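Chain and residue survey
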Amino acid sequence: MNHWNDISLSDAQRIEALMAEMTQAEKLAQLGSYWAKANVGSGDARVAPIEEALAARSGESAALAHGIGHLTRPYGTRPLTPEEGRTELVRLQRRLTDATRLGIPAIAHEECLTGFAAFGATVYPTPLAWAATFDTALVEEMGAAIGRDMASVGVHQGLAPVLDVVRDYRWGRVEETLGEDPYLTGLVGTAYVRGMQSQGVIATLKHFAGHAASRGARNHAPVSIGAREMADVILPPFEMAVREGAVGSVMNTYTDQDGVPACADEYLLTTVLREQWGFTGTVVSDYGSIAFLRTMHRVAATEGDAARLALSAGMDIELPNTGCYGEPLAQQLDADQVAPELLDRAVERVLRHKLSLGLLDAGYAPEADAGVGTVVDLDSPANRALARTIAERSVVLLANEGAALPLDAARTPAIALIGPGADDSGTFLGCYSFPNHVLPKHPGHPAGLALPSLREALTAELPDVAFTYEQGCAVSGTDRSGLPAAARAAASADLALVVVGDRSGMFGNGTSGEGCDAPDLQLPGVQAQLVEDVLATGVPVVLLVVSGRPYALGGLAERCAAVVQVFMPGEEGGPALARVLSGRVTPGGKLPVQIPATPGSSPGTYLNPPLGRFSDGISVLDNTPLYPFGHGISYTSFGYEDLRVAQEGRVPTDGFIEVSCLVRNTGERAGRETVQLYYDDPVAQVARPTQQLAAFGVVDLAPGEETRVSFRVHADQTSYTKDASGDGLRIVDPGIIRLMVGSSSGDIRLSADVELTGPQRQVGADRHLTHS
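Structural notes, computed from the coordinates.

1. Focus on the sheet that holds strand β15 (residues 562–566)
One open sheet accounts for 6 strands, arranged β10-β15-β14-β13-β11-β12; its pairing is mixed. Here the strands that pair on one side only, and so sit at the sheet edges, are β10 (396–399) and β12 (466–470). The sheet shows a mean angle of 20 degrees between the axes of neighbouring strands, taken without regard to direction. Where strand β11 (residues 414–418) and β12 come together, 5 bridges link them in parallel fashion. From the neighbouring strand, Ile 415 faces β12, where its bridge partner is Phe 467. The strands touched by helix α20 (residues 527–535) are β11, β13 (495–501) and β14 (541–546); relative to β13, the strand with the most contacts, the crossing angle is about 170 degrees.

2. Considerations on the layout of surface pockets
The probe, sized like a water molecule, is rolled over the atoms to show the empty space still left. Approximately 760 Å³ is the volume attributed to the largest pocket. In terms of lining residues, the largest pocket is bounded by 33 residues, among which Pro 182, Asp 232, Val 233, Pro 689 and Gln 692 are the most central. The set of elements that each furnish at least two residues to the lining of the largest pocket consists of α7 (182–197), α8 (227–234), α9 (236–243) and β20 (692–701). Tallying contributions element by element places α8 first for the lining of the largest pocket, with 4 residues.

3. A word on the pattern of salt bridges
By the definition in use, this model includes 44 salt bridges. The partner of Asp 642 in a salt bridge is Arg 644, and the shortest N-O contact between them spans 2.9 Å. With a relative accessible area of 33%, Asp 642 lands in the partly exposed category. Of the charged contacts, one joins Asp 642 and Arg 708 as a salt bridge, the two residues approaching to 2.4 Å between their closest N and O atoms. Highlighted residues: Asp 642 in strand β16 (residues 638–645) and Arg 708 in strand β21 (residues 706–714), separated in sequence by 66 residues. Each of Asp 379, Arg 384, Arg 388, Glu 392, Glu 571, Glu 572 and Arg 579 takes part in salt bridges that share partners, so that together they form one network.

4. Quick look at the packing of helix α12 (residues 303–313) against helix α14 (residues 340–356)
Packing of α12 against α14 brings their axes to within 9 Å, and their N-to-C directions diverge by 60 degrees. The interaxial crossing formed by α12 with α14 has left-handed handedness. Every residue of α14 that contacts α12 at Leu 311, Ser 312 and Ala 313 is listed here: Leu 342, Leu 343, Arg 345 and Ala 346.

5. Looking at α14
The end-to-end C-alpha distance of α14 is 24 Å, a good match for the 24 Å that 17 residues give at a rise of 1.5 Å each. Taken together, the buried positions of α14 are Leu 343, Ala 346, Val 347, Arg 349, Val 350, Leu 351, His 353, Lys 354 and Leu 355. Phi turns positive one or two residues past the end of α14, at Gly 358, with a value near 85 degrees.

6. Describing the pairing of β13
For β13, a buried count of 7 out of 7 residues is recorded, marking the element as mostly surrounded by other parts of the structure. Residues of β13 alternate between two faces, with Leu 495, Leu 497, Val 499 and Gly 501 on one and Ala 496, Val 498 and Val 500 on the opposite face, all of them buried. Judged from the 4 bridges that link them, β11 and β13 form a sheet pairing that is parallel. By the bridge assignment for β13, Ala 416 is matched with Ala 496. As paired strands, β13 and β14 are joined by 6 bridges and run parallel to one another. The residue bridging Val 498 from the neighbouring strand is Leu 543, located in β14. Regarding topology, α20 serves as the crossover connection from β13 to the parallel β14, and that connection is right-handed.

7. A word on the side chain of Arg 672
Looking at the secondary structure, you find Arg 672 in strand β19 (residues 671–680). Judged by its relative accessible area of 13%, Arg 672 falls in the buried class. Reaching out from Arg 672, the side chain makes a polar contact with the side chain of Asp 135 at a distance of 2.9 Å. Here the side chain of Arg 672 touches Asp 700 through a polar contact of 2.9 Å, side chain to side chain. Excluding residues that lie within four positions of it along the chain, Arg 672 makes contacts with Asp 135, Arg 393, Gly 588, Phe 638, Val 698, Val 699 and Asp 700.

8. Brief notes about the sheet that holds strand β18 (residues 656–665)
The strand order across the open sheet built from 3 strands is β16-β18-β21, with neighbouring strands paired in antiparallel fashion. Looking at the sheet topology across the chains shown, the edges are occupied by β16 and β21. Taking the axes of each pair of neighbouring strands and ignoring which way they run, one obtains an average angle of 25 degrees across the sheet. Relative to β21, β18 runs antiparallel, the two being bridged by 9 bridges. Opposite Ile 657, over in β21, you have Val 713 as the bridge partner.

9. Overview of the packing of helix α1 (residues 11–21) against α14
Close contact between α1 and α14 brings their axes to 10 Å; oriented N to C, the two are set at 125 degrees. With respect to α14, the axis of α1 lies oblique. The interaxial crossing formed by α1 with α14 has right-handed handedness. Residues Asp 11, Arg 14, Ile 15, Leu 18 and Met 19 of α1 form the contact with α14, whose own contacting residues are Asp 344, Val 347, Glu 348, Leu 351, Arg 352 and Leu 355. Counted by class, the contact of α1 with α14 contains 6 nonpolar, no polar and 5 charged residues.

10. Regarding the environment of Leu 329
Residue position: Leu 329 is located in helix α13 (residues 327–334). Residue classification places Leu 329 among the buried positions, given a relative accessible area of 0%. Separated by 103 residues in the primary sequence, Leu 329 and Gly 226 place their C-alpha atoms 33 Å from one another. Look past the residues within four positions of Leu 329 in its chain and what remains in contact with it is Leu 28, Ala 307, Leu 311, Cys 324 and Val 338.

11. Some points on unusual backbone geometry
Peptide bonds are mostly trans, and most non-glycine residues show a negative phi. Here Lys 206 and His 207 are connected by a cis peptide whose omega angle stands at -10 degrees. One non-glycine residue, Asp 336, lies in positive phi territory at about 60 degrees. Structurally, the position occupied by Asp 336 is in the loop between α13 and α14. Of note, the phi angle at Phe 507 is positive, near 50 degrees, even though the residue is not glycine.

The rules we used
Residues numbered from 1 in each chain as written. Predicted model: local features only at pLDDT ≥ 70, side-chain atom pairs only at ≥ 80, totals over all residues. Heavy atoms only, no water. Pairing = 2+ DSSP bridges. Helix = DSSP H or I, 4+ residues; strand = E, 2+ residues; numbered from the N terminus. Axes fitted to C-alpha atoms, helices over the stretch in contact; angles between N-to-C directions. Contact = heavy atoms within 4.5 Å. 1 Å grid on protein atoms, 1.4 Å probe; cavity = no way out; pocket = protein on both sides within 12 Å on 5 of 7 lines; lining within 4 Å. Points joined across faces, edges and corners; volume = space filled by probe spheres on them. Salt bridge = Lys/Arg side-chain N within 4 Å of Asp/Glu carboxyl O. Buried < 20%, exposed > 50% of the residue type's maximum accessible area, 1.4 Å probe, protein only. Left-handed = near helix turned anticlockwise from the far one by under 90°. Expected span 1.5 Å × (residues − 1). Right-handed = clockwise from strand over helix to strand, strands pointing away. Polar contact = N/O pair within 3.5 Å; in protein donor to acceptor, adjacent residues only side chain to side chain. Parallel < 35°, antiparallel > 145°, perpendicular 65-115°, else oblique. Nonpolar A, V, L, I, M, F, W, Y, C, P; charged D, E, K, R; others polar.

What is shown is where atoms sit, not what they do.
As structure tokens, then:
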């Protein structure tokens, strides 16, 4: 047995012993990765950006000759059963343990944005739907379920969650985010991290930092926000997941911030991440991003220069295949262009992860690691039940003024089910789900799991209703030939349920998803015309939007009897929506992004100072949203009263603000309400938003039941960046803070002022980040 296999030694002793035995080639191998059969399949769809640039440069034997750091997507590249995937993974791990000098296994990583991205594995709702639940405990449960499934087949690291804060809804990857509020994003993302890592699987934060703030909402485009916006909006969710979630890994963004590519940004990857926040895990490159320093950013003349820049900045591992961190980096080391200490620094970080995963223990067996001999069900009944619960709780009822919902067979015995999403379960799935991400490269291959459509689910849920179906139009394209038939079906029914929105895909193969950025926020294709034609019949219309981003609904929503928004609810989306529409489940979701009124006015986000909001006389362009952040109504109603602020509204700048109110179910149905606490700093030293989310709480109440909802918020949560130069200066100001409690940012029911007393305080990375 080698010293580094000896579990009786300390971690430091084991790593020191192993490092002492390693050659330069073996060290470099630990910073690389190998993606076997990366480009299999006969379809035209692409599963990665600039896919040809990501292909393996050498065969398996050469790639694994000295070991390897990571094995890329052994299950998520082509449709394999768990048994087939295990066989391949064990073969590769055996090659490493048995045919290399040191016998060090690899970390196997997979995508897991909407669940384990493997054939036949559960497809959960998209992250934007998680955020709509405002339910961190539920998201943590889901993270644990995903981690458990991945660990059961030998996967060690998952590439999620995405903590990019939405700045422009036109960006294609809005569906992957947790919305436009950094606090909600941080809490929900950290819950996912805790759940996944509770199962021994390393979570990976994406994309550090600023990916969703690109110019014009174009994928990979430069980011030109200021240092203060970066510090106060973009970075806080990542800091929360590092400091409170103890996340194990971080992945860089492809973008540059003010001309500095994140992959080569030492301030971002080392000063902020490690020195200020205390991160001790690994930084992994987004696929191909080290090479992009030469080809896309043009800050490196050669691949060796790119490797030097990335390693020096703090980039530990190159994914998905070894390129720059192979021979090009070796040449830099041999020429004394890179200090060997930088190589050792990164290798130690990789080895610490491998040690924590048990990969360096004596007696490690790939077969046991991959669960060979055990029976796994990657889409178990428990998984599906959890996926359905998340989907149900993510449904946002935007309007119900016509009281058309819940559906009632006695009132509307004949319903016309219309729209491209009415009978296509694919519209429920995000772009990183296996069916949408990989199966397009395998035309005709079965999905590998049950995906009931809304039409199928509603027919089963409401057997006494006579449904007629017309697609009307496709999600995209200009074909209007089906519009007349859709209008005729609506005219002959008691109610029309029109289902519009997105079909997610990759790089132009969808209307939402990676690389599918939108020129404006008009519903794709001719779907808006479809809704118009159905409305023109005079039949009551329930508009259901299933999408990956918010679309402008002004001029349509106001004329509908009810409007429902759901953000790609996953494999159980059909049954979940049917249960909400029938009234068996009362909707309680809240918007994590605003719904704009017009497609071109782009309301931005709710985090606006006064001059960022519409003001008559300043501009004729009205950016007021149709439905604000946090909005969502129910089949019941809720009353708010008796706001109380402790300590007579005077709190020191290093103290806690304690606030509570009574919330009562004033309707006739049991329901769920998300109570939201916002704050405003009316006089600050820089222009600040007029509202910011400070806390929220979810309560379930029976008719007539009331409860007191309490929040304890540290004054640190009101801090902001005063001086954005250098390391920044974050302060807590004495003075008045206005507290606002309500059902949404646009439905404030109660408010009170609290005075922060005492001196101005400077706070750092040890500040309080969350409420209790």
